[in-house]
Amino acid sequence: MTRSGPRRSPDVTAARRTTPMPVSVVHQAQDFVGKVLGRPPHTMRGLQNNVVWRQGVQVMRMDLHCHTAVSHDCRTALRDIPGWMLRTNTRVIAVTDHDQQRGGPELQAIVADMGLADRLSVVPGEEITTSEGELIGLFLHERIPPGLTPEDTVREIKAQGGLVMLQHGFDPLKRYRLRPEATVRIADHIDIVETFNSRLSQHRWNHTADEWARARRLPTCAGSDAHTLRDIGEAWVETPFRTVDSPAALLAALREGTVAGKWTHPVYAYGRKQWRFFNQQFRRD
Ligand SMILES: [Zn+2]
């Protein structure tokens with residue numbers, strides 16, 4: 001085990017200290033005056049708001065596969081996420097907890113309370129365990145129960161006006177990937193293919209996903225599959241900055257975007273996650 005753990009960033013610590021709710025009368029008054037003077041809201045103090053421009057256009061990153069403490073195997077507190085998003089210019093994330101949907105709406109409420117709704121977008125999603133592996137639904141209003149067939153899961157997602165995303169679909173070592181037979185059966189209903197996942201057993205399975213998506217002319221995206229705060233934004237689609245609050249807006253942003261990311265060997269990533277959990281025990285809040 002290495003002795004040097006991940007360094008704690010002052011910005012993240014600052015984000016943790018600023019409790020978004022409830023907003024005091026003093027803060028409301030400060031924010032009102034601040035708005036008149038064109039200053040950022042009080043919750044932005046101490047946060048690093050990284051704005052990136054390319055050839056005169058403000059760009060942002062989108063990470064469409066993130067877990068939070070709502071997942072059984074993740075401890076990332078929702079309130080810590082907005083500060084990290086600003087810091088990494090990851091202005092759109094999809095919250096895709098295992099068989100849970102409530103993380104997305106809860107994070108949206110926190111972002112709104114922090115006065116950051118015009119800077120950060122949260123897509124409410126769910127990584128759903130079907131009877132034949134996992135599928136992601138985006139823009140969901142309600143939780144979809146696990147255990148349905150892939151076809152029924154797709155039907156539930158579409159009934160809510162959501163988008164079907166195929167994540168880590170081509171890595172044979174991913175235990176919960178959607179079975180290849182099921183992928184073929186529902187192929188016509190897939191809206192987005194994750195062609196960069198940071199946690200595959202081998203990066204080449206991302207290329208396979210990319211080829212599959214291109215053959216079908218489907219939009220491609222990236223997902224960090226983050227299970228710690230610092231993993232969020234490790235895979236991204238870079239695209240011109242905008243608010244993403246609908247399936248149409250997301251698809252438009254993907255069409256103009258470029259998929260990229262950092263791949264980490266899953267064994268190393270698992271060790272790092274355990275180290276971060278261990279470290280977290282001793283962190284002062
Ligand atoms: Zn996942």
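None of these values were measured; they are calculated from a predicted model. Here the residue index of a chain counts from 1 through its sequence in written order. Per-residue local features of the predicted model are confined to residues with pLDDT of at least 70, and side-chain atom pairs are confined, for both listing and counting, to 80 or more; whole-chain, interface and lining totals are unaffected and use all residues.

Draft legend 1. Just the overall build of the chain, in detail. If you tally the helices and strands in the chain, you get 9 helices and 10 strands. Any residue whose C-beta has 12 or fewer other C-beta atoms within 10 Å is treated as exposed, any with 20 or more as buried, and any in between as partly exposed, C-beta atoms being built from the backbone. In the chain, buried positions account for 42% of the 285 residues. The contact criterion used is a C-beta to C-beta distance within 7 Å, with each C-beta placed from the backbone. Contacts spanning at least 24 positions in sequence make up 69% of the contacts within the chain whose residues lie at least 6 apart. Secondary structure follows DSSP: runs of H or I at least 4 residues long count as helices, runs of E at least 2 residues long count as strands, and numbering of each begins at the N terminus.

Draft legend 2. Up close: the nonpolar core. Counting residues in hydrophobic clusters, the biggest one holds 60 residues, and the most contacted among them are Ile93, Val123, Met165 and Ala222. Setting aside its immediate chain neighbours within four residues, Met165 contacts Leu64, Ile136, Leu138, Asp191, Ile192 and Glu194. To define a nonpolar core, we join buried Ala, Val, Leu, Ile, Met, Phe, Trp, Tyr and Cys residues through C-beta atoms within 7 Å and take the resulting set.

Draft legend 3. Structural detail: the confidence of the model for the chain. On a range of 0 to 100, pLDDT expresses the predictor's confidence in each residue. Across the chain, pLDDT averages 88, with 86% of residues at or above 70. In this model residues 1–22 is a low-confidence stretch, pLDDT under 50, and it forms 29 contacts with partners more than four residues away in sequence or in other chains.

Draft legend 4. Spatial organisation of the pairing of strand β3 (residues 90–98). Across the 9 residues of β3, 8 count as buried, placing the element largely inside the fold. Two strands qualify as a pair provided DSSP detects at least 2 bridges between them. As defined by bridge partners, β3 adjoins strand β4 (residues 121–130) across 7 bridges and the pair is classed as parallel. In the strand pairing of β4, Val92 is matched with Ser121. In the classification by handedness, the crossover that spans β3, the intervening helix α4 (residues 103–113) and the parallel β4 is right-handed. We call a crossover right-handed when, viewed with the strands running away from us, the connection from the first strand over the helix to the second turns clockwise.

Draft legend 5. Representation of the environment of Phe196 in the model. Within the fold, Phe196 resides in strand β7 (residues 192–197). Separated by 64 residues in the primary sequence, Phe196 and Ala260 have C-alpha atoms spaced 6.7 Å apart. Ignoring any residue separated from it by four or fewer positions in sequence, one finds Phe196 in contact with Asn206, Ala222, Ala235, Val259, Ala260 and Gly261.

Draft legend 6. View of α4. Among all positions of α4, only Gly103, Gly104, Leu107, Ile110 and Val111 are buried. In a view along the axis of α4, the buried residues occupy a sector of 125°, so they form one face of it. On the buried face of α4, the contacting elements are α3 (81–88), β3 and β4. Gly115 sits one or two positions beyond α4 and adopts a positive phi of about 70°. It is the directions from the helix axis to the C-beta atoms that the arc portrays.

Draft legend 7. Geometry of unusual backbone geometry. Backbone geometry at His168 places phi at a positive 30°, although glycine is not the residue there. Position of His168 relative to the elements: it lies in the loop between β6 (163–166) and α6 (180–186). Notably, Arg217 is not glycine yet its phi reads approximately 55°, a positive angle. Assignment of secondary structure puts Arg217 in the loop between α7 (204–215) and β8 (220–223). Taking the C-beta count within 10 Å as the criterion, Arg217 has 6 such neighbours and is therefore assigned exposed.

Draft legend 8. Expanded view of the environment of Gln100. Tracing the backbone through its elements, the reader meets Gln100 in the loop between β3 and α4. C-alpha of Gln100 to C-alpha of Glu127: the two residues are 27 residues apart in sequence and 7.5 Å apart in space.

Draft legend 9. Layout of the pairing of β4. Among the 10 residues that make up β4, 9 are buried, leaving the element largely enclosed by the rest of the structure. Two elements, β4 and strand β5 (residues 133–138), share 6 bridges in a ladder whose sense is antiparallel. Its bridge partner being in β5, Ile128 is matched across the sheet by Leu135. The antiparallel hairpin formed by β4 and β5 contains 2 residues in its connecting segment.

Draft legend 10. Structural context of helix α5 (residues 150–159). Residues of α5 that are buried: Pro150, Thr153, Val154 and Ile157. Burial along α5 is one-sided: seen end-on, the buried residues are contained in an arc of 100°. On its buried side, α5 packs onto β4, β5, β6 and α6. Phi turns positive, to about 80°, at Gly161, one or two residues after α5.

Draft legend 11. Highlighting the environment of Asp225. Counting through the fold element by element, Asp225 comes out in the loop between β8 and β9 (235–240). For the pair Asp225 and Leu200, spaced 25 residues apart in the sequence, the C-alpha separation amounts to 9.6 Å. Those residues in contact with Asp225, other than ones at most four positions away along the chain, are His65, Asn197, Ser198 and Arg199.

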